[in-house]
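Listed below, chain by chain, are the residues.
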Amino acid sequence: MPCCSNYSGKSSSYYEKSIRKARANKNQYLLLAKNINYTDYTRFRNFPLLKLGAIPGGFIVNQQTKREFPMGSIAQRSIGYERFDENGNVTRAGIDGAFGEKYLRGTDGKRLKQKIGKNKWKPLTDYNQVEPKDGYDVYTTIDVNIQDIAHHSLLGQLEYYEADHGCVVVMDVKTGEVKAISNLAKTSKGNYYEKRNYAVWESHEPGSTFKIMALMAALEDKVIDTATIVDTRKGSKRFYGRTISDSRGHGKISAARAVEVSSNIGLATIIDEHYSKEPKKFIDRIKSWNLHQTLGVSIKGEGEQMTPLQTLAFYNAIANDGEMLKPRFIKAVKEFDKEIEVFDKTVTNKQICSEKTLSEIKDILKNVVVRGTGSKLYSPDFSMAGKTGTARTDYRNYEEWKKNKKYISSFV
């Protein structure tokens, strides 16, 4: 049995002795291997003796099919799963749901069997009437090392703040490849698990992360510049019968500084003063960035607007010198080593704004971390730019919110 020897590393004489001993003992069966994967099974099936089939060659297979997640629950919602309802209907999520039918499933084979009693069946022939066709291999963009770090970093923060749920996404700036995506929610027992794909699904109040979009609109329309002075008063101001407040008063500051300290009053004042008589002009600028539309990502169930992934795509365009990309979860589809399809970056907006606005926004985002609301994240060891965001969970009803005072917190 040199083929078995090559497979397992055990000598041919070992297999010869095992077979002779089993025959001498009049054993009906001899176990050659167990718990092997499908690739190894196909190798076994083609060994000279075993490829003769069950009757001439005596090759008998006990096959099991199961879904495995090599990294456990990490990125499980994004990789995908199967869920059956009481009627047997299946729901598939994640990458599996997006690409399963087209690439992953393959086609079933058919083989005639005869029932021989006690609910057991035997094949009538050694061959399949219809041979099955394997599905293709889908190569994701996920980097397991980055995914592991992202998952456990998110878990640590959620546990520390006893948060209801949260997500984290890491995307490559130049390609749009999603290198990590983790979504965790708290159970009734206080543990965390992948309940929903919040990064893709959840539309929520973006909070102060939207200040960048608002400021960029004003800069592009040239109604202000970064040095324009805005009066944020003592931290409280009435707008259309409603009070807007800051964490503290900042007085008269520049538009750039208003974003650095995340002044609600500052940005609301800028937009109100320059767009109140022509609100459509502001809305049209926002729509020019497609912020009112979904990204059209491959994973099913994308939220209508302002999901974490949509916010990320806009900020990534700033980092990518103005070129906006669609987040991408798939690198390639292959059949063994043969490439069936290769996925490249998808550009959704070649240039979101002028180079002048882009340069100014980049400087502001750096200063947010150096001396603004993100200063606790500052490190002298590497550069960072971004924007903090905080919003009330029930921002439409202040009285209801006061009863529990829960927030949506974010950082891009």
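On a predicted model such as this, the values are computed, not experimentally measured, just so you know.

### Overview of the sheet that holds strand β5 (residues 137-140)
Pairing is antiparallel in the open sheet, where three strands are placed in the order β5-β14-β15. Two strands lie at the open edges of the sheet, namely β5 and β15 (338-342), each paired on one side alone. Shown here is a sheet whose adjacent strand axes are inclined to one another by a mean of 30°, direction ignored. Where β5 lies against strand β14 (residues 330-335), four bridges are found, and the strand directions are antiparallel. Bridge pairing in β14 links Asp137 to Lys334.

### Some remarks on the packing of helix α8 (residues 211-220) against helix α12 (residues 308-319)
The description of two packed helices rests on the angle between their axes and on the distance between the axes. Where α8 contacts α12, the two axes come as close as 11 Å, and the packing angle between them is 50°. With respect to α12, the element α8 is oriented oblique. As α8 runs across α12, the sense of the crossing is left-handed. Of the residues in α12, those in contact with Ile212, Met213 and Met216 of α8 are Thr311, Phe314, Tyr315 and Ile318. Counted by class, the contact of α8 with α12 contains six nonpolar, one polar and no charged residues.

### Overview of the side chain of Arg328
Looking at where Arg328 falls in the secondary structure, it is placed in the loop between β13 (324-325) and β14. Of the polar contacts made by the side chain of Arg328, one reaches the backbone oxygen of Asp344; its length is 3.4 Å. If we ignore the near neighbours within four places in the chain, the residues touching Arg328 are Thr141, Thr175, Gly176, Glu177, Val178, Phe343, Asp344 and Lys345.

### A closer look at the pattern of salt bridges
Evaluation of the coordinates by the stated rule reveals 11 salt bridges. Here Lys174 ties to Asp321 by a salt bridge, and the two come within 3.7 Å at their closest N and O atoms. One end of the pair, Lys174, is in the loop between β6 (165-171) and β7 (178-186); the other, Asp321, is in the loop between α12 and β13, with 147 residues separating them in the sequence. When its relative accessible area of 41% is taken as the criterion, Asp321 is described as partly exposed. Of the charged contacts in the structure, one is a salt bridge between Arg328 and Glu177, with a shortest N-O distance of 3.5 Å. One end of the pair, Arg328, is in the loop between β13 and β14; the other, Glu177, is in the loop between β6 and β7, and 151 residues separate them in sequence. Here the two residues Arg328 and Glu177 agree in accessibility, since each one is buried. Through salt bridges with shared partners, a single ionic network connects Lys174, Asp321 and Lys362.

About the thresholds
- Residues numbered from 1 in each chain as written.
- Predicted model: local features only at pLDDT ≥ 70, side-chain atom pairs only at ≥ 80, totals over all residues.
- Heavy atoms only, no water.
- Pairing = 2+ DSSP bridges.
- Helix = DSSP H or I, 4+ residues; strand = E, 2+ residues; numbered from the N terminus.
- Axes fitted to C-alpha atoms, helices over the stretch in contact; angles between N-to-C directions.
- Parallel < 35°, antiparallel > 145°, perpendicular 65-115°, else oblique.
- Left-handed = near helix turned anticlockwise from the far one by under 90°.
- Contact = heavy atoms within 4.5 Å.
- Nonpolar A, V, L, I, M, F, W, Y, C, P; charged D, E, K, R; others polar.
- Polar contact = N/O pair within 3.5 Å; in protein donor to acceptor, adjacent residues only side chain to side chain.
- Salt bridge = Lys/Arg side-chain N within 4 Å of Asp/Glu carboxyl O.
- Buried < 20%, exposed > 50% of the residue type's maximum accessible area, 1.4 Å probe, protein only.

Interpretation note: all reported values are geometric properties and have no functional meaning in isolation.
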